[in-house]
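# Report on the structure
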Amino acid sequence: MPTLDSRIPAGPLAEKWTKRKADMKLVNPANKRKYTIIVVGTGLAGASAASSFGELGYNVLNFCFQDTPRRAHSIAAQGGINAAKSYQNDGDSVWRLFYDTIKGGDFRAREANVYRLAEVSNNIIDQATAQGVPFAREYGGTLANRSFGGALVSRTFYARGQTGQQLLIGAYQSLMRQVELGKVKMFPRTEMLDLVVIDGRARGIVTRDLVTGKVESFLGDAVVLATGGYGNLYYLSTNAKGSNVTASWRAHRKGAFFANPCYTQIHPTCIPRAGEYQSKLTLMSESLRNDGRIWVPKKAGDGRAPDQIPEGERDYYLERKYPTYGNLAPRDISSRAAKQACDAGLGVGPGGLGVYLDFSDSIKRLGASAIGERYGNLFDMYQRITGENPYQVPMRIYPAVHYTMGGLWVDYDLMSNLPGLFVLGEANFSDHGANRLGASALMQGLADGYFVIPYTIGDYLARGGIAKVGTDHTEFKAAEAQVNAQEKKFLSIQGKHTVDYFHKKLGNIMWENVGMARTQESLEKALREIPALRDEFWQDVKVPGIEGEFNQELEKAGRVADFLELGELLATDALQRNESCGGHFRSEFQTEDGEALRNDADYAYAAAWEWNGASKPWTLNKEPLVFENIHLQTRSYK
Amino acid sequence: MRLTLEIWRQKGADDAGRFVRYEHDEVSEHMSFLEMLDVLNQKLIEKGEEPVSFDSDCREGICGMCGFVVNGYPHGPQPLTTVCQLHMRFFHDGDVLRLEPFRAKAFPIIRDLAIDRSALDRIIMAGGYNSINAGGPRDANSILVGKKEADLSMDAAACIGCGACVAACPNASASLFTGGKISHLGLLPQGEPERKTRALSMVERHNTEGFGGCTVIGACAEACPKGLKLDFIARMNKDYLAGTVTYREGAAGGGSG
Amino acid sequence: MSVATTSTAAPAKASRLSVFWDSQVGKKFVSAVTGILLFVFVLGHVLGNMQSFQGAEKFNAYAHFLQTTKGLLWMTRIVMLTALVLHATAGIQLYLKARAARPQPYRVPLANPATVSSKTMIWSGLLMLAFVIFHLLDLTIGAAFVHSGFVEGDAYVNLVATFRSVGKVIFYGASVIGLGLHLSHGLYSLWQSLGFRQPLWTPTITKAALLIGAFLALAYLSIPGGVVAGLIR
Ligand SMILES: Cc1cc2nc3c(=O)[nH]c(=O)nc-3n(C[C@H](O)[C@H](O)[C@H](O)COP(=O)(O)OP(=O)(O)OC[C@H]3O[C@@H](n4cnc5c(N)ncnc54)[C@H](O)[C@@H]3O)c2cc1C
Ligand code: SF4
Ligand code: FES
């Protein structure tokens with residue numbers, strides 16, 4: 001069993017990163033152009049890394065499956081990005097951001113990584129501002145802040161409701177500058193389909209050109225994956241349609257460990273699904289809960305219109321259960337409460353899968369125009385999608401899969417257990433433990449790309465030992481053959497059902513059994529159903545078209561094939577974790593009043609799963625989580 | 001409800017292309033436009049026919065990946081709405097909808113409704129950035145930006161790069177896109193040092209990419225799902241003219257820095 | 001697919017002027033500046049010619065003054081001719097560029113909300129160009145194949161004679177309506193081309209351009225109108 005060395009520098013928490021940087025080997029500036037770095041992904045993590053590498057002088061090959069790097073899924077983030085600037089003079093500090101993040105993650109993240117994240121958070125705001133990101137401003141010209149869940153200070157920076165878009169465009173612009181300068185070669189509409197490992201080191205990738213269908217190999221001195229999260233395993237999620245696990249998964253099959261897959265975040269305020277044809281779910285900002293009250297009818301199957309239900313027959317269940325935090329209870333808790341209400345038959349709207357988010361009290365108190373000023377764009381979006389006017393009838397909301405805390409295992413340098421393979425952003429597992437706080441994923445992606453990886457990759461390259469090989473190496477040829485064979489296989493099955501049919505079925509199994517609340521029974525059920533579905537997929541899927549051309553169904557087939565394997569691992573991970581923490585709630589492990597019951601004695605570790613080959617069980621490697629600086633405690637929001 | 005769809009089918013850039021008619025009787029008013037096409041595609045695949053290729057990703061109106069022309073309207077007839085956010089309740093039973101790709105020389109057709117918009121990337125490459133490297137910038141609050149300028153800059157920065165402006169323009173001009181970027185950066189003090197050279201290089205790249213010129217028709221702003229205004233094109237012109245007047249050899253040219 | 005640096009940037013050697021002219025902004029700038037000159041001329045021209053309502057003597061004196069002030073005459077001719085050539089070339093080139101930018105037309109016409117004037121600039125422009133050539137032959141040069149009874153030096157007679165011809169009145173009328181349309185868009189869009197556009201002013205500019213365009217068209221129409229109505233004989 002390979003050892004899981006997290007390589008956290010010794011010494012006091014606040015000095016670890018400084019010390020690590022001081023100990024690093026450096027690449028001679030004149031030699032940088034002799035190294036080629038492959039970066040897969042152009043989201044906040046990938047674009048910031050690729051442009052920074054270019055600025056440093058490395059040669060960079062950058063890939064994404066969208067038609068331009070600017071469309072990576074980071075673009076959809078609405079709310080904001082955290083930083084410990086303490087511009088508001090309200091008592092914020094690097095330590096407090098660190099602490100909030102660790103606590104928000106339910107004490108399942110690495111202290112050293114999270115501290116570094118908090119430390120570099122301030123540089124991100126400076127960097128983005130210099131790039132021209134139009135952050136919201138006060139009249140005096142200084143940057144504005146808002147507050148977000150899980151924190152008592154105002155530390156979130158934002159650009160209207162489009163913070164992710166603006167940060168990504170900032171990173172994209174820097175990236176395009178490097179493309180113009182010839183330091184970065186950009187490959188849009190190109191999907192990584194395999195990782196090539198030579199002599200134990202990650203040395204390249206095999207890709208498919210999504211327009212021409214051409215399968216091609218690329219050689220590099222290091223490979224960086226910044227390929228985002230895997231929430232689309234559930235079919236319906238707030239992720240973009242194209243978001244997938246393929247890059248990470250193929251790396252996993254080549255030996256990279258997959259850590260904590262069971263930590264999935266379910267966001268409480270999304271627009272409920274409207275029918276079978278639903279293709280994705282849309283997030284409504286958490287900020288709505290500041291002025292909206294959440295309720296369901298007290299009587300199951302109450303078919304009356306909401307305004308016909310008198311006050312006394314409504315259950316404002318969050319206010320009832322959590323009198324202190326009320327409607328602002330954290331994401332995981334609010335989501336579960338909504339599910340409980342709907343499971344009890346109290347849900348509203350089609351299929352009973354929804355709860356009311358009611359603004360009528362606020363509108364009475366503050367007037368429709370004040371509410372419109374705060375949430376106008378969200379109300380418009382809601383109306384566009386549902387056709388209902390939230391000024392007049394309460395919104396209907398329901399939880400949806402939103403973010404995945406798990407991902408490829410990385411050490412302090414963001415390198416996986418495979419030397420030369422680095423993993424950034426949502427694709428890695430490092431910083432959010434079992435639950436991510438709002439506005440901290442953007443922070444992590446950019447911290448990784450701008451301020452961590454440029455240092456740590458230099459150290460890896462400078463240490464040398466990277467052999468001279470070419471893409472004619474047998475490992476490349478084998479990987480290409482594998483990719484080609486898989487495509488041929490998909491096209492030859494010509495079964496009865498479309499790729500989406502299987503994806504929806506898988507999503508359903510996952511949502512029902514490995515969703516907001518999991519039990520041993522449900523997980524075992526999932527572990528029976530997923531492999532069966534996978535077998536059916538490989539026998540009965542129907543993929544039209546041919547290989548050598550633009551074929552969107554073929555793209556999807558490869559992604560769903562990987563989800564069908566990941567689903568099994570996710571359920572396996574959830575089954576072994578006999579505790580409840582953050583986004584992982586095992587119904588067997590709860591307190592008397594239904595709160596998550598953590599088990600620090602037995603489960604304070606990161607579970608890093610090792611692939612042993614198709615249909616063989618995974619090996620579980622454990623990285624113990626050591627808390628030297630903070631005291632483990634139970635989260636309470638009562 | 002029931003719809004008749006006439007969809008442009010074209011195998012590749014070299015294929016001539018033609019409209020193909022589909023009767024679609026499984027349309028729910030709650031579907032988004034793209035979900036309506038998803039359902040059609042599922043049926044086509046099951047029948048052994050080729051599904052219709054179209055691009056989309058976020059389906060929330062923010063990534064800019066979707067986009068085609070519905071009955072002569074880029075992104076469909078709803079103002080300020082991308083086609084992924086357009087819902088079927090705005091259509092009526094029995095409607096005939098004609099779907100065409102965005103058409104421009106700079107946007108070659110890949111397949112059916114999917115096109116190649118990388119020309120827009122190349123316009124950004126020419127100078128759509130502040131030439132600064134990661135590391136070492138000043139504290140963000142040491143640069144003060146008036147709220148009005150910040151807000152206006154944000155209005156311009158809201159562009160999602162969808163190309164609907166090009167599609168709508170009788171001249172197939174990408175001026176709204178280009179002007180948006182020039183305005184976004186030029187309105188901020190951080191973008192000031194390169195304001196004029198940026199306009200020079202971006203406008204010239206716009207030209208060599210094969211887009212038409214702006215003749216102030218205004219169809220772009222009508223079609224833009226993010227509400228970018230013609231004012232941003234005026235700002236582009238102003239910066240370009242100022243750049244021409246103050247031009248010094250060796251001062252222009254994208255990416256140098 | 002890869003996005004490579006297509007070395008499409010203007011070659012360093014090309015002179016700034018030619019790069020400027022090649023760019024859409026440069027052309028539109030030239031078009032705006034020459035447009036202003038042409039507008040001033042067209043305005044002066046109609047105001048001057050409306051003196052025909054004051055009778056032959058007054059009008060011929062005015063014409064004589066213009067003819068004999070050689071410096072002014074030739075300067076105006078050179079400036080206006082240059083402006084016209086630049087304006088027309090820019091306009092035609094922009095039009096051709098736009099055509100080239102969409103080689104495959106839409107099969108379903110765009111549901112374009114744009115104004116008629118903005119979409120027909122090339123046609124109103126070409127119509128006027130044709131008219132200007134004809135007009136010079138007709139009333140300035142007095143080419144025989146256009147104007148048989150041309151009387152050198154008697155502008156008033158020539159003018160009345162021209163507007164007795166139905167064909168010429170129709171051509172003239174169509175052209176000045178074209179002028180009105182052209183101006184109602186041109187006077188609005190030139191501000192944009194010069195880089196001035198303020199949300200505050202735009203509605204005013206739009207309205208003013210429309211009014212001035214209409215006024216000029218009417219003013220020009222008043223002259224053949226006067227002839228037809230017998231006010232100018
Ligand atoms: C609706 C929504 C709202 C959010 N709001 C917030 C918020 O307010 N604040 C916050 O902090 N976080 C928010 N998040 C979370 C945050 O946006 C993401 O976690 C983060 O942006 C992920 O960035 P990334 O760079 O890791 O990956 P992504 O942005 O997902 O980028 C992945 C990249 O990898 C590429 N890629 C993937 N697979 C392959 C492959 N096989 N081959 C080639 N390329 C590949 C893609 O093309 C893409 O370029 C939100 C998320 C969602 C869904
Ligand atoms: S300016 Fe508007 S229409 Fe044009 S690319 Fe940007 S968002 Fe799309
Ligand atoms: S799919 Fe992203 S904007 Fe429509």
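Residues numbered from 1 in each chain as written. Chains lettered and ligands numbered in written order. Predicted model: local features only at pLDDT ≥ 70, side-chain atom pairs only at ≥ 80, totals over all residues. Heavy atoms only, no water.

## Let's talk about the sheet that holds strand S18 (residues 605–610) of chain A
All names here are of chain A.
- Here 4 strands make up an open sheet; going across it, the order is S16-S10-S18-S19 and the pairing antiparallel. Each edge of the sheet is formed by a strand with only one pairing partner; in this case those strands are strand S16 (407–408) and strand S19 (619–624).
- In the sheet, strand S10 (residues 258–259) pairs with S18 via 2 bridges, with the strands oriented antiparallel. Counted as the bridge partner of Phe258 is Trp609 from S18.
- The sheet strands contacting helix H15 (residues 552–576) are S10, S18 and S19, and the helix crosses S18 at an angle near 145°. (Pairing = 2+ DSSP bridges. Helix = DSSP H or I, 4+ residues; strand = E, 2+ residues; numbered from the N terminus. Contact = heavy atoms within 4.5 Å. Axes fitted to C-alpha atoms, helices over the stretch in contact; angles between N-to-C directions.)

## Quick look at the site of ligand 2
Residues and elements named next belong to chain B.
- Surrounding ligand 2, one finds Cys159, Ile160, Gly161, Cys162, Gly163, Ala164, Cys165, Leu176, Phe177, Cys224, Pro225 and Leu228.
- For the shell around ligand 2, the secondary-structure elements that each account for two or more residues are helix H4 (164–168) and helix H5 (175–186).
- Split by residue class, the shell around ligand 2 holds 10 nonpolar, 2 polar and no charged. (Near = heavy atom within 4 Å. Nonpolar A, V, L, I, M, F, W, Y, C, P; charged D, E, K, R; others polar.)

## What to know about the nonpolar core
- If you look at the biggest cluster of nonpolar residues, it comprises 289 residues, and the most contacted ones within it are Phe53, Ile81, Leu195 and Leu421 of chain A together with Phe33, Leu37 and Phe68 of chain B.
- Take this core: its biggest share by element is 12 residues, from helix H11 (residues 441–462) of chain A.
- Setting aside residues up to four positions removed in sequence, Leu421 of chain A forms contacts with Leu195, Ala202, Val223, Leu225, Ala251, Ala256, Leu414, Met415 and Ser416 of chain A.
- Among the nonpolar cores identified, the runner-up in size contains 8 residues, and Leu193, Ile198, Val215 and Phe476 of chain A belong to it. (Core = buried A, V, L, I, M, F, W, Y, C linked by side-chain atoms within 4.5 Å. Buried < 20%, exposed > 50% of the residue type's maximum accessible area, 1.4 Å probe, protein only.)

## Details of the confidence of the model for chain B
- With 97% of its residues at a pLDDT of at least 70, chain B reaches an overall mean of 95.
- Predicted confidence is poor over residues 252–257 of chain B, with pLDDT under 50, and the contacts of this stretch with residues over four places away or in other chains come to 15 contacts. (pLDDT = per-residue confidence, 0-100.)

## Some details on the interface of chain B and chain A
- If you look at the interface, chain B gives 79 residues, while chain A gives 77 residues.
- A combined buried area of about 6400 Å² lies between chain B and chain A, and 51% of that area is made up of carbon and sulfur atoms.
- For chain B, the biggest contributors to the area lost against chain A are Asp57, Glu60 and Met154 of chain B; these three give 10% of the whole.
- Viewed at the interface, chain A and chain B are joined by 7 salt bridges.
- In this structure, Glu549 of chain A engages Arg111 of chain B in a salt bridge whose closest nitrogen and oxygen atoms are separated by 3.3 Å. (Buried area = accessible area lost by both parts, 1.4 Å probe. Salt bridge = Lys/Arg side-chain N within 4 Å of Asp/Glu carboxyl O.)

## Section: helix H6 (residues 121–141) of chain C
Residues and elements named next belong to chain C.
- In this model, H6 (21 residues) spans 28 Å end to end at C-alpha, consistent with the 30 Å of a helix rising 1.5 Å per residue.
- If you check which residues of H6 are buried, you get Met121, Ile122, Ser124, Met128, Phe131, Phe134, His135 and Asp138.
- Taken together, the buried residues of H6 touch helix H2 (24–49), helix H4 (70–101), helix H5 (116–119), helix H7 (155–162) and helix H8 (166–193).
- Just downstream of H6 lies Gly142, where phi reads positive at about 70°. (Expected span 1.5 Å × (residues − 1).)

## Section: the pairing of strand S15 (residues 395–404) of chain A
Residue and element names in this part refer to chain A.
- Taking burial as the measure, the 10 residues of S15 include 10 buried ones, the bulk of the element.
- Bridge count between strand S14 (residues 355–358) and S15: 3 bridges; the pairing is antiparallel. Along S15, the bridge assignment pairs Tyr356 with Arg396.

## Quick word on the packing of aromatic side chains
Residue and element names in this part refer to chain A.
- Taken as a whole and assessed by the stated rule, the structure comprises 45 aromatic pairs over all chains.
- Both rings, one in Trp17 and one in Tyr455, keep their centres 5.8 Å apart while their planes meet at 75°; by these two values the pair is edge-to-face. Of the two residues, Trp17 sits in helix H1 (residues 16–23) while Tyr455 sits in helix H11, which places them 438 residues apart along the sequence.
- Judged by its relative accessible area of 39%, Tyr455 falls in the partly exposed class.
- Put simply, the rings of Tyr230, Trp249, Phe258, Trp611 and Trp618 pair up and form one aromatic cluster. (Phe/Tyr/Trp six-rings, centres within 6.5 Å; stacked < 30°, edge-to-face > 60°.)

## A few points about empty space enclosed by the protein
- Enumeration over the complete set of coordinates arrives at 12 cavities of 30 Å³ or more.
- Approximately 920 Å³ is the volume attributed to the largest cavity.
- Lining the largest cavity are 50 residues, and of these His73, Ser74, Gly228, Gly229 and Glu426 of chain A lie nearest its centre.
- Within the residue set of the lining of the largest cavity, elements represented by two or more residues are helix H2 (44–56), strand S6 (190–198), helix H6 (246–253), S15 and H11 of chain A.
- The residue makeup of the lining of the largest cavity, split by class, is 19 nonpolar, 25 polar and 6 charged.
- One number sums up the size of the second largest cavity: a volume of about 660 Å³.
- Residue assignment for the lining of the second largest cavity shows that the elements contributing at least two residues are helix H13 (499–513) and H15 of chain A together with helix H1 (33–46) of chain B.
- Per-element accounting of the lining of the second largest cavity gives the leading share, 7 residues, to H15 of chain A.
- A breakdown of the residues in the lining of the second largest cavity according to their chemical character gives 13 nonpolar, 14 polar and 15 charged. (1 Å grid on protein atoms, 1.4 Å probe; cavity = no way out; pocket = protein on both sides within 12 Å on 5 of 7 lines; lining within 4 Å. Points joined across faces, edges and corners; volume = space filled by probe spheres on them.)

## Here's the deal with the site of ligand 1
All names here are of chain A.
- The environment of ligand 1 is formed by 38 residues, the closest being Gln66, Ser74, Gly79, Met192 and Glu426.
- Ser74 has a polar side-chain atom sitting 2.5 Å from an oxygen atom of ligand 1.
- Backbone polar atom of Ser440 to an oxygen atom of ligand 1: 3.2 Å apart, as the coordinates give it.
- For ligand 1, whose accessible area on its own is 1000 Å², the fraction buried by protein is 97%.
- Among the cavities detected, the one that contains ligand 1 is the largest cavity.
- Of all the secondary structure elements, the ones that give two or more residues to the shell around ligand 1 are H2, S6, S15 and H11.
- With 3 residues, the single largest contributor to the shell around ligand 1 is S6.
- Residues that form the shell around ligand 1 fall into these classes: 17 nonpolar, 18 polar and 3 charged. (Polar contact = N/O pair within 3.5 Å; in protein donor to acceptor, adjacent residues only side chain to side chain. Areas by Shrake-Rupley, 256 points an atom, 1.4 Å probe, with all protein chains shown as cover. Sits in = over half its atoms within 2 Å of the grid points.)

## Considerations on the domain arrangement of chain B
Residues and elements named next belong to chain B.
- Split into domains, chain B comes out as domain 1 (3–111) and domain 2 (117–131 + 143–246).
- Contacts between the two partners involve 17 residues from domain 1 and, on the opposite side, 20 residues from domain 2.
- Summed over both sides, the interface between domain 1 and domain 2 buries roughly 1300 Å², with carbon and sulfur atoms accounting for 65% of that surface.
- The largest contributions to the domain 1 side of the interface with domain 2 come from Leu80, Ala106 and Phe107, which together make up 36% of the buried area.
- For the interface between domain 1 and domain 2, the tally reads 0 salt bridges.
- Applying the counting criterion to the domain 1 and domain 2 interface returns 3 residue pairs in polar contact (both at pLDDT 80 or more).
- In terms of residue class, the side of domain 1 that touches domain 2 is built from 10 nonpolar, 5 polar and 2 charged. (Domains from an automatic or database assignment.)

## So, the side chain of Glu111 of chain A
Residues and elements named next belong to chain A.
- As for its position among the elements, Glu111 is in helix H4 (residues 111–131).
- Lys16 is the oppositely charged side chain nearest to the buried, salt-bridge-free Glu111, at an N-O distance of 6.8 Å.
- For Glu111, the side chain forms a polar contact with the side chain of Asn629, separated by 2.8 Å.
- Only 3.2 Å separates the side chain of Glu111 from the backbone nitrogen of Ile630, close enough to count as a polar contact.
- For Glu111, the residues in contact, after removing those within four places along its chain, are Leu13, Phe98, Ile102, Val626, Phe627, Glu628, Asn629 and Ile630. (Lys, Arg positive; Asp, Glu negative; His and termini not counted.)

## Structural notes on the environment of Asn123 of chain A
All names here are of chain A.
- With respect to the helices and strands, the residue Asn123 is situated in helix H4.
- Judged by relative accessible area, which is 34%, Asn123 ranks as partly exposed.
- Distance from Asn123 to Ala606, taken between C-alpha atoms, is 29 Å for residues 483 residues apart in sequence.

## Side note on the environment of Ser243 of chain A
- With respect to the helices and strands, Ser243 of chain A occurs in the loop between strand S9 (222–225) and H6.
- The class of Ser243 of chain A is buried, set by a relative accessible area of 10%.
- Residues Ser243 of chain A and Thr227 of chain A, spaced 16 residues apart in sequence, show a C-alpha to C-alpha distance of 8.3 Å.
- Residues in contact with Ser243 of chain A, not counting those within four places in the same chain, are Phe65, His73, Gly229, Asn232 and Phe563 of chain A together with Asp57 of chain B.

## Structural notes on the sheet that holds strand S4 (residues 73–74) of chain B
All names here are of chain B.
- The sheet built from 5 strands is open, its strands ordered S2-S1-S5-S3-S4 with mixed pairing. This sheet does not close on itself; its edge strands, each paired only once, are strand S2 (18–24) and S4.
- Here strand S3 (residues 69–70) runs beside strand S5 (residues 96–100); their pairing, made up of 2 bridges, is antiparallel. Bridged to Val70 within S5 is Leu99.
- This element, H1, spans strand S1 (3–9), S2, S3 and S5 of the sheet and lies at about 90° to S2.

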